[in-house]
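# Observations on the three-dimensional arrangement
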Amino acid sequence: MAVDDGLVERLATWSPWLPFANAVVHAPRLPGVYLVRQDADGGLIYVGMAGERNGQGIRGRLTVYQRGKGAVSGLGEAVLDRALADPDFVRQRLDELVSGTAKRATVWAQDAIAWADLHVRWAVTEDKFAAATLERTVLDALRTLPLWNRAR
């Protein structure tokens, strides 16, 4: 990694890393920034933020992805794009179609999240504006990394 690993650590108080399913359950219902890596020991792949989200904050944003509702934006889109570029993932979906067990797009998005083996950590902020500022600061600090974020 070509960035100072400690730089992002110093920008906020971060939670421990959790597997995605656990993160959805334990993430706070507060605004903040979340970091994502693929595999338990993988490097950062995504930086996201959540505002108040109708009182659901970070947990609400992660829940959108868990339910497959975020397949066309943010982390959900980035994961689904990569899963659809993996021949094994696509082959398994095709086998399901051929066997007559076609699934809805939201289930494909859920399958992609499971395929990616995501791990998440977060930092809570005062409000959505502070979350947006922290997200921008983290993205700027990681500008040399090949993150999955579309707009940087």
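Treat the numbers as computed from the prediction; the structure is a model and nothing was measured.

Before going further, it helps to examine helix α7 (residues 128-141). In a regular helix each residue adds 1.5 Å, so 14 residues correspond to 20 Å; α7 covers 20 Å between its end C-alpha atoms and thus fits that length. Listing the buried residues of α7 in full gives Ala131, Leu134, Glu135, Val138, Leu139 and Ala141. One side of α7 holds all its buried residues, which, seen down the axis, span an arc of 160 degrees. Along α7, exposed side chains directed more than 90 degrees from the buried face belong to Phe129 and Thr133.

Turning next to the pattern of salt bridges. Summed over the entire model, instances satisfying the criterion amount to eight salt bridges. The salt bridge partner of Glu77 is Arg150, with a shortest N-O separation of 2.7 Å. Taken as a pair, Glu77 in helix α4 (residues 74-84) and Arg150 in the segment after α7 lie far apart in primary sequence, 73 residues in all. Overall, Arg150 belongs to the exposed group, its relative accessible area being 68%. Here Lys103 ties to Glu96 by a salt bridge, and the two come within 3.3 Å at their closest N and O atoms. Residue Lys103 is classed as partly exposed on the basis of its relative accessible area, which comes to 33%. By relative accessible area, which is 13% here, Glu96 ends up buried.

Moving on, we come to unusual backbone geometry. Its identity is not glycine, yet Asp39 carries a phi of approximately 75 degrees, on the positive side. By secondary structure assignment, the location of Asp39 is in the loop between β2 (32-38) and β3 (44-50). Located in the positive-phi region is Asp117, a residue other than glycine, with phi close to 50 degrees.

Checked against the element boundaries, Arg59 lands in helix α3 (residues 57-66). Of the side chains bearing the opposite charge, Glu52 lies closest to the buried Arg59, which forms no salt bridge; the N-O distance is 16 Å. In contact with Arg59, other than residues within four places in its own chain, are Val24, Val25, His26, Ala27, Pro28 and Arg29.

Parameters and conventions
- Residues numbered from 1 in each chain as written.
- Predicted model: local features only at pLDDT ≥ 70, side-chain atom pairs only at ≥ 80, totals over all residues.
- Heavy atoms only, no water.
- Helix = DSSP H or I, 4+ residues; strand = E, 2+ residues; numbered from the N terminus.
- Expected span 1.5 Å × (residues − 1).
- Buried < 20%, exposed > 50% of the residue type's maximum accessible area, 1.4 Å probe, protein only.
- Arc of directions from axis to C-beta.
- Salt bridge = Lys/Arg side-chain N within 4 Å of Asp/Glu carboxyl O.
- Lys, Arg positive; Asp, Glu negative; His and termini not counted.
- Contact = heavy atoms within 4.5 Å.

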